[in-house]
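Secondary and tertiary structure notes
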Amino acid sequence: MQRCPNCDAELESPLGCAACQRIFDPPEGLSPFELLGLPQAFALDEAHLRRRVLRLGRLVHPDFFGNAPAQERELAERNSARLNRAHELLADPVERANWFVTALGGPAENEQRSMPQAFLAEVLEWNELLEEARAAPAGSGLRERLEALASTLAAERARGLKSIAAHLAPLPERGSLLLRELRTQLNALRYVDRALSEIESLSLARASLR
Amino acid sequence: MAYSDKVIDHYNNPRNVGSFDKTKSNVGTGVVGAPECGDVMKLQIEVEGDRIVDAKFKTFGCGSAIASSSLATEWIKGKTLDEALSIQNTQIVEELSLPPVKIHCSVLAEDAIKAAIHDYKTKHGPGVRRQT
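Remember, predicted model here, so these are calculated numbers, not experimental data.

So, the overall build of chain B
Along the backbone of chain B there are 5 helices and 3 strands. Helices (α) and strands (β) of chain B occur, in sequence order from the N terminus, as α-β-β-β-α-α-α-α. For a compact globule of 132 residues, the expected C-alpha radius of gyration is about 14 Å, and chain B comes in at 14 Å, within 12% of that figure. On the principal axes, the C-alpha backbone points of chain B span a range of 50 × 25 × 20 Å. Every one of the 132 residues in chain B was classed for burial, and the buried ones make up 52%. Sequence separation of 24 or more characterises 64% of the internal contacts of chain B that already satisfy a separation of 6 or more. Carbon together with sulfur atoms contributes 49% to the accessible area of chain B, which is approximately 6,100 Å² in total. Charged side chains in chain B number 16 positive and 17 negative. The centres of these two groups are separated by 5 Å.

Section: helix α4 (residues 93–103) of chain A
Residues and elements named next belong to chain A. By the burial criterion, the buried members of α4 are V94, R96, A97, N98, W99, F100 and V101. By the N-cap criterion, in which a side-chain oxygen at the helix start approaches the backbone nitrogen of a residue two or three places on, α4 is capped by D92, the distance to V94 being 3.0 Å. At the exit of α4 stands G105, carrying a positive phi of roughly 85°.

Details of the domain arrangement of chain A
Each assigned domain of chain A is listed here: domain 1 (1–91) and domain 2 (107–208). A separation of 35 Å is found between the C-alpha centroids of domain 1 of chain A and domain 2 of chain A.

Focus on the pairing of strand β2 (residues 39–48) of chain B
All names here are of chain B. Counted residue by residue, β2 has 9 buried out of 10 residues, so it is predominantly covered. For strand β1 (residues 27–34) and β2, the ladder comprises 8 bridges, and the chain directions are antiparallel. Of the residues in β2, the one forming a bridge with G33 is V40. The antiparallel hairpin formed by β1 and β2 contains 4 residues in its connecting segment, where G38 sits at a positive phi of about 80°. Where β2 and strand β3 (residues 51–60) come together, 9 bridges link them in antiparallel fashion. Looking across to β3, one finds that V47 is bridged to I52.

A look at the side chain of N98 of chain A
All names here are of chain A. For N98, the location among the structural elements is in helix α4. With a relative accessible area of 17%, N98 lands in the buried category. When residues no more than four places from it in sequence are discounted, the contact partners of N98 are R183, L186 and R190.

Details of the pattern of salt bridges
Residues and elements named next belong to chain A. Counted under the stated rule, the structure contains 19 salt bridges over all chains. For R82, the salt bridge goes to D25, with nearest N and O atoms at 3.0 Å. Taken together, the positions of R82 in helix α3 (residues 70–91) and D25 in the segment before α1 (32–36) put the pair 57 residues apart, joining distant regions of the chain. A relative accessible area of 10% places R82 in the buried class.

Overview of the packing of aromatic side chains
Residues and elements named next belong to chain A. Evaluation of the coordinates by the stated rule reveals 5 aromatic pairs over all chains. Measuring from ring centre to ring centre gives 5.2 Å for W99 and F100, while their planes differ by 75°; the resulting arrangement is edge-to-face. One exposure class covers both W99 and F100, and it is buried. For the pair F119 and W126, a centre-to-centre distance of 6.0 Å together with 90° between the ring planes defines the contact as edge-to-face. In this pair, the class of F119 matches that of W126, namely buried. Grouped by ring-pair contacts, the aromatic residues F33, W99 and F100 constitute a single cluster.

Rules of the game
- Residues numbered from 1 in each chain as written.
- Chains lettered and ligands numbered in written order.
- Predicted model: local features only at pLDDT ≥ 70, side-chain atom pairs only at ≥ 80, totals over all residues.
- Heavy atoms only, no water.
- Helix = DSSP H or I, 4+ residues; strand = E, 2+ residues; numbered from the N terminus.
- Rg over C-alpha atoms; globule rule 2.2 N^0.38 Å.
- Buried < 20%, exposed > 50% of the residue type's maximum accessible area, 1.4 Å probe, protein only.
- Contact = heavy atoms within 4.5 Å.
- Areas by Shrake-Rupley, 256 points an atom, 1.4 Å probe, with all protein chains shown as cover.
- Lys, Arg positive; Asp, Glu negative; His and termini not counted.
- Charge placed at Lys NZ, Arg CZ, Asp CG, Glu CD.
- Polar contact = N/O pair within 3.5 Å; in protein donor to acceptor, adjacent residues only side chain to side chain.
- Domains from an automatic or database assignment.
- Pairing = 2+ DSSP bridges.
- Salt bridge = Lys/Arg side-chain N within 4 Å of Asp/Glu carboxyl O.
- Phe/Tyr/Trp six-rings, centres within 6.5 Å; stacked < 30°, edge-to-face > 60°.

Quick look at the structure:
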């Protein structure tokens, strides 16, 4: 644990010191975990993350630096932005997993495009059903099929996330083959999420017509 | 970002949209996807001898993905399998004037052609004599 160069209190985060309210300019390239002072692990207590972000958010909030020198004011703005970015990344398990796969030297999204044919054929079927639903008049029984698809997809998403979490604890070694498998699973989630959001927007459009 | 006239033409009048029965022995099916944007593309070929006599596609994606696959089916019709395999995504980029952010759509179309031919060849096996 680092200590505050100003008051020697233990630092929770390199963004600033809660004890003396001083803010710092952390070195570039720190991981989102390091910025928030959290252990670098996929499993994360969401309530703990939220509390930490709220506390740090207050510490670095530009409103509290209204009368400070311009340099410090700008640092507060930069640190708030850093905090927001790190929070967005860590709060979403897909983004979090994505971060680990990339940080451990795994393939990027578009470097590992190939998916099992059976899976892609499924994606095609979801899209065909969505297309049919878009063209069909209301009350033609497609709504039930869409709802069934949505719950299948939600279950598939939960299963996928569980499997990803299992592969990330303990963290795979740098460059491990497991990272390719993880990328494939994350890519599968992208297709699932896209289909889910299309079902949602279709249902919303239908609801607003009623 | 503006689409080129050729992309718009293929988007508004896609050629060869549809499906073949994928269980038929003279049909090869390739399904490919782009995880970045969720696009998915199915391209099918009907083969006689070693020549592609017909091709169909179905693409869920942006205008460039639809245009790329539509153009791909036009190009491979009448070609031999080897000729079709030699089609490069850069030729599609050039023909449709795709901007850099849409190059992956042409890659997808090239992959789909290769996947369909691979599927057809797998069905027939390396040593299997084709019957027309």
